[in-house]
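In case you want the letters, here they are:
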Amino acid sequence: MQTLEEANILLVDDSRELLTILTDALHGAGFAHVACAQSVREAREAFARERPDIMVLDINLPDGDGFTLFGQLRAQADVPALFLSARDADGDRLFGLGLGADDYLTKPFLTQELLLRMRTILRRAYRTELSATAPVRLGGAVLRMDESAVARADGQTLPLTATERQLLAVLLQNRGRIVTYDALCARVWGGGYYGYENSLNVHIRHLREKIEDNPSRPRFLLTVRGLGYKLAMEEQP
């Protein structure tokens, strides 16, 4: 996993409606690999099949409880987890954290808060792996994500701002595919991103000035009119 958005996520909750809402929110935030389960049995099967990087577990399930499930799954692999529960008693929270869970969120909750907590857990759990991003060549330019810089063919090394790096991380993860304006804005500015499209366009222009030989005729960082942007797999004629 070279970026947070490459993480395999396992959502376990008995509410199909909530799973749909969370899946849509995760996809909108740039996370592409989301698996869902509505019971202990389905969770075990999905865990073995998907090999998740993080689990979001409901406590009350139709054929068991999330606490027991967590212990069973963690015996197989040391995967970080966040508990979701309608039970807000301090005893339940402390018990879940005492089992080794990374966080505990009480229903109802803000979807954006869940996304922020998941990102925090992923950064903490996979910090070394995320920092080891391999260089990526785009024509004469080389993206060095671990250094937040672009090495150009003319010998210049141009630094990337934090926002530029975040945008590039999402585009690289989805290279060759369109990433919508909404998904890019959500990745950088979170749930309150409405109205930031103009700022997004400015950051994209600055990125093109760093990675493209001719920013006015880009070969790699392409606009898909009315939809969003994509990072091309190959140079465009």
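The residue count restarts for each chain, going from 1 along the sequence in the order it is written. Side-chain atom pairs in this predicted model are given and counted only at pLDDT of 80 or more, local residue features only at pLDDT of at least 70, and totals for whole chains, interfaces and linings cover all residues. Only heavy atoms go into the side-chain values, all of them from the structure, while hydrogens and water stay out.

J.: Can you help me understand the sheet that holds strand β10 (residues 149–151) in this one?
T.: Taken in spatial order, the 4 strands of this open sheet run β8-β9-β10-β11, and their pairing is antiparallel. Of all strands in the sheet, those bounded by a partner on one side alone are β8 (136–138) and β11 (157–159). Going across the sheet, the axis of each strand differs from the next one's by a mean of 25 degrees, ignoring polarity. Bridge count for strand β9 (residues 141–144) against β10 is 3 bridges, and the pairing is antiparallel. Within the sheet, the bridge partner assigned to V142 lies in β10 and is A151. Pairing between two strands is assigned when DSSP locates at least 2 bridges connecting them. Numbering of helices and strands runs from the N terminus; a helix is a DSSP stretch of H or I covering at least four residues, while a strand is a stretch of E covering at least two. Between N-to-C directions, angles cover 0 to 180 degrees, with each direction set by a line fitted to C-alpha atoms, over the stretch in contact for helices.

J.: I'm lost on the nonpolar core in this one. Help?
T.: Looking at soluble globular proteins, one finds that nonpolar side chains tend to be buried together. Only buried Ala, Val, Leu, Ile, Met, Phe, Trp, Tyr and Cys residues count toward a nonpolar core, and they belong to the same one when joined by side-chain atoms within 4.5 Å. Think of it in three bands: with a 1.4 Å probe and only protein chains considered, a residue is buried below 20% of the maximum accessible area for its type, exposed above 50%, and partly exposed in between. Within the largest apolar cluster, 27 residues are counted, with the highest numbers of intra-cluster contacts made by L143, L184, L200, L221 and Y229. Breaking this core down by element, the ones donating at least two residues are β8, β9, α7 (162–173), α8 (181–189), α9 (197–211) and β14 (228–231). Of the residues forming this core, the biggest block, 6 residues, is contributed by α7. Excluding residues that lie within four positions of it along the chain, L200 makes contacts with L167, Y181, L184, C185, W189 and Y229. One finds L18, L19, L115 and M118 within the second-largest nonpolar core, a separate group that totals 22 residues. In this analysis, two residues are considered to be in contact whenever any of their non-hydrogen atoms come within 4.5 Å of each other.

J.: Hey, could you run me through helix α1 (residues 16–28) in this one?
T.: Residues that lie three or four places apart on an α-helix share one face, since the helix turns once every 3.6 residues. Here the expected length of a helix is defined as 1.5 Å per residue gap, with one fewer gap than residues. Given a rise of 1.5 Å per residue, 13 residues ought to cover 18 Å, and the 18 Å separating the end C-alpha atoms of α1 matches this to within 8%. Within the sequence span of α1, burial applies to L18, L19, L22, T23 and L26. Angularly, the buried residues of α1 cover 130 degrees about the axis, an arc narrow enough to put them on a single face. Counted as exposed and oriented over 90 degrees from the buried face of α1: R16 and E17. As for α1, its buried residues are in contact with β1 (8–12), β2 (33–37), β6 (81–85) and α5 (111–125). It is the directions from the helix axis to the C-beta atoms that the arc portrays.

J.: So what exactly am I meant to see when it comes to the pattern of salt bridges here?
T.: Oppositely charged side chains may form a pair once their charged atoms are brought near each other. Any Lys or Arg side-chain nitrogen found within 4 Å of a carboxyl oxygen on Asp or Glu counts as a salt bridge. Applying the stated criterion across every chain yields a total of 12 salt bridges. For R49, the salt bridge is made with E50, and the minimal N-O distance between the two is 3.1 Å. A residue is classified by how much of its surface remains accessible, and R49, at 55% relative accessible area, is exposed. We classify E50 as partly exposed; its relative accessible area is 32%. Between R117 and E113 there is a salt bridge; the shortest N-O distance is 2.6 Å.

J.: Got a minute to help me understand the packing of α8 against α9 in this structure?
T.: The relative placement of two packed helices comes down to the angle between their axes together with the axis-to-axis distance. At their nearest, the axes of α8 and α9 sit 10 Å apart, and the two run at 90 degrees to each other. Relative to α9, the element α8 is oriented roughly perpendicular. Between α8, through Y181, L184, C185 and W189, and α9, the contact on the second element is made entirely by E197, S199, L200 and H203. To sort the angles, those under 35 degrees are grouped as roughly parallel, those over 145 as roughly antiparallel, those from 65 to 115 as roughly perpendicular, and the leftovers as oblique.

J.: Sorry if this is basic, but what is going on with helix α3 (residues 66–74) here?
T.: Inspection of α3 places G66, F67, L69, F70 and L73 among the buried residues, and these make up the whole buried set. Buried residues in α3, looked at end-on, bunch into an arc of 160 degrees, giving them a common side.

J.: Explain the packing of helix α2 (residues 40–50) against α3 to me, please; I cannot follow it from the model alone.
T.: Two numbers describe how α2 lies on α3: the axes approach to 11 Å, and their chain directions differ by 20 degrees. The angle between α2 and α3 places the two elements in the roughly parallel class. Our pair here, α2 against α3, has a crossing hand that is right-handed. Contacts between α2 and α3 pair V40, A43, R44 and F47 from the former with L69, Q72 and L73 from the latter. Handedness of each helix crossing follows the sense of rotation of the near helix against the far helix: counterclockwise by less than a right angle gives left-handed, clockwise gives right-handed.

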